Amino acid sequence: MKVILFGATGMVGQGVLLECLRDDTVTHVLSVGRSASGQQHAKLTEIIRDNFLDYSDIESRLAGFDACFFCLGVSSIGMDAERYRHLTYDITLAAAKALARLNPQMTFVYVTGAGTDSTESGRVMWARVKGKTENDLLALPFRAAYMFRPGAIQPLHGVRSKTAWVQAIYVATAPLLSWLSRVAPKYVTTTEQMGRAMIAVARYGYAKPVLESEDINSL
Ligand SMILES: NC(=O)c1ccc[n+]([C@@H]2O[C@H](COP(=O)([O-])OP(=O)(O)OC[C@H]3O[C@@H](n4cnc5c(N)ncnc54)[C@H](OP(=O)(O)O)[C@@H]3O)[C@@H](O)[C@H]2O)c1
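Residue positions are given per chain, counting from 1 as you read along its sequence in written order. The model is predicted, so local features are restricted to residues of pLDDT at least 70 and side-chain atom pairs to those at 80 or more, both for listing and for counting; the totals for chains, interfaces and linings are taken over all residues. The basis for the side-chain values is all heavy atoms of the structure; hydrogens and waters are excluded.

Caption draft 1: Molecular detail of a nonpolar patch on the surface. The patches described consist of residues with a relative accessible area above 30% and no salt bridge, like charges being joined within 9 Å and nonpolar side chains (Val, Leu, Ile, Met, Phe, Trp, Tyr) within 5 Å. Methods summary: accessible areas were calculated by the Shrake-Rupley approach with a probe of 1.4 Å, and residue burial reflects only the protein chains presented. Any Lys or Arg side-chain nitrogen found within 4 Å of a carboxyl oxygen on Asp or Glu counts as a salt bridge. A grouping of Ile77, Trp165 and Ile169 is seen on the molecular surface, where their side chains present a nonpolar patch of about 320 Å² in accessible area. Along the chain, Trp165 turns up in helix α5 (residues 164-172). Three exposure classes are used, based on accessible area relative to the maximum for each residue type with a 1.4 Å probe and protein chains only: buried under 20%, partly exposed in between, and exposed over 50%. Classification of Trp165 as partly exposed rests on a relative accessible area of 39%. Helix and strand definitions follow DSSP, with helices as H or I runs of at least four residues and strands as E runs of at least two, each counted in order from the N terminus.

Structure follows, in structure tokens:
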């Protein structure tokens, strides 16, 4: 399986990259990001770029892939709605539209979040934007698309958040998260499990397109 990964420098993406590199069924990983992942591996190739809205200059390098794991994303905290929508909706759909055209047999996995608003009409801005993003991704002509909606995510294997305050929270709550992931797996998953589950849905599919933490942990 050949995989394109967006967001490999982030907390979720770092974990997904580690699982892709460990999994023998993943033969090639192409990371597309603003900076290098910091990983060196025979099956890893990286494209570093600033433009995440237009891929016409690298189309030939984005064709021939089986799956895309889209882990690029930002927190809405402290961000105005227009900027959040640009970083969440515009960037994700630009990549997905290009990839659907170049790889109609691709499975696309998007990291969204627990509480996403599929109606696009609720009171919470981030949830509406994520809902619209999910809905429009599900309408694209991929072989399949899956929306991963984790709640809390326990970082494992040295994975760190790019966002300083998120990292501080994870350090402070590490013992609690570790305990919760055992007693309440409905609400907590891990970076390792996110990666394992993405590889699983890309290989075998899943019964429904939207996966909550419980679904992610079952894979
Ligand atoms: N962490 C959690 O607990 C959690 C829980 C539920 C859902 N999620 C969702 O999971 C997704 C990823 O979260 P995360 O915690 O991994 O975030 P993170 O650690 O802050 O990483 C964000 C990733 O997105 C990239 N990125 C951000 N803005 C970009 C831009 N303008 N252009 C190109 N790349 C950009 C970053 O690249 P750079 O390295 O270049 O900055 C980095 O790779 C988000 O959609 C988030 O809502 C996270």
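Read on for the rest.
Caption draft 2: Looking closely at the side chain of Ser31. One can find Ser31 in strand β2 (residues 28-33). Not counting residues up to four positions away in its chain, the partners in contact with Ser31 are Leu5, Ala8, Leu44, Thr45, Glu46 and Ile47. Whether two residues touch is decided by their heavy atoms; if any such pair falls within 4.5 Å, the residues are in contact.

Caption draft 3: Structural view of the site of the ligand. In the vicinity of the ligand, 24 residues are found, and the nearest of them are Thr9, Val12, Arg34, Lys130 and Tyr170. Within 3.5 Å is the distance limit for a polar contact, defined as a pair of N or O atoms, with the added protein rule that one can donate a hydrogen and the other accept it, and that residues adjacent in sequence qualify only through two side-chain atoms. In this structure, Gly10 approaches the ligand through a main-chain N or O atom, which is 3.1 Å from an oxygen atom. Tyr170 has a polar side-chain atom sitting 2.3 Å from an oxygen atom of the ligand. Protein burial of the ligand: of its 890 Å² of free accessible surface, 85% is covered by the chains. Mapping the ligand onto the cavity grids shows that it belongs to the largest pocket. Sorting the residues of the shell around the ligand by element identifies α1 (11-22) and α3 (81-102) as the ones contributing at least two each. Nearness is defined per residue: one heavy atom within 4 Å of the molecule or strand is enough. A pocket, in this scheme, is an open set of points on a 1 Å grid over the protein atoms alone with protein on both sides within 12 Å along at least 5 of 7 lines, while a cavity is a set where a 1.4 Å probe fits but cannot get out; residues line either one if an atom lies within 4 Å of a point. To decide whether a molecule occupies a pocket or cavity, check its atoms: if more than half lie within 2 Å of the grid points, it is inside.

Caption draft 4: Fine view of the layout of surface pockets. Grid points are joined across faces, edges and corners, and a volume is the space filled by probe spheres set on the points. Computed from the structure, the largest pocket encloses a volume of approximately 1,400 Å³. Around the largest pocket, the lining comprises 43 residues; the ones closest to its centre are Cys71, Gly73, Val74, Ser75 and Thr163. Elements that contribute at least two residues to the lining of the largest pocket include exactly α1, β2, α3, α4 (125-138), β7 (152-154) and α5. Ten residues, namely Ala, Val, Leu, Ile, Met, Phe, Trp, Tyr, Cys and Pro, are considered nonpolar, four, namely Asp, Glu, Lys and Arg, are considered charged, and the remaining ones, Gly among them, are considered polar. When its residues are assigned to classes, the lining of the largest pocket shows 23 nonpolar, 15 polar and five charged.

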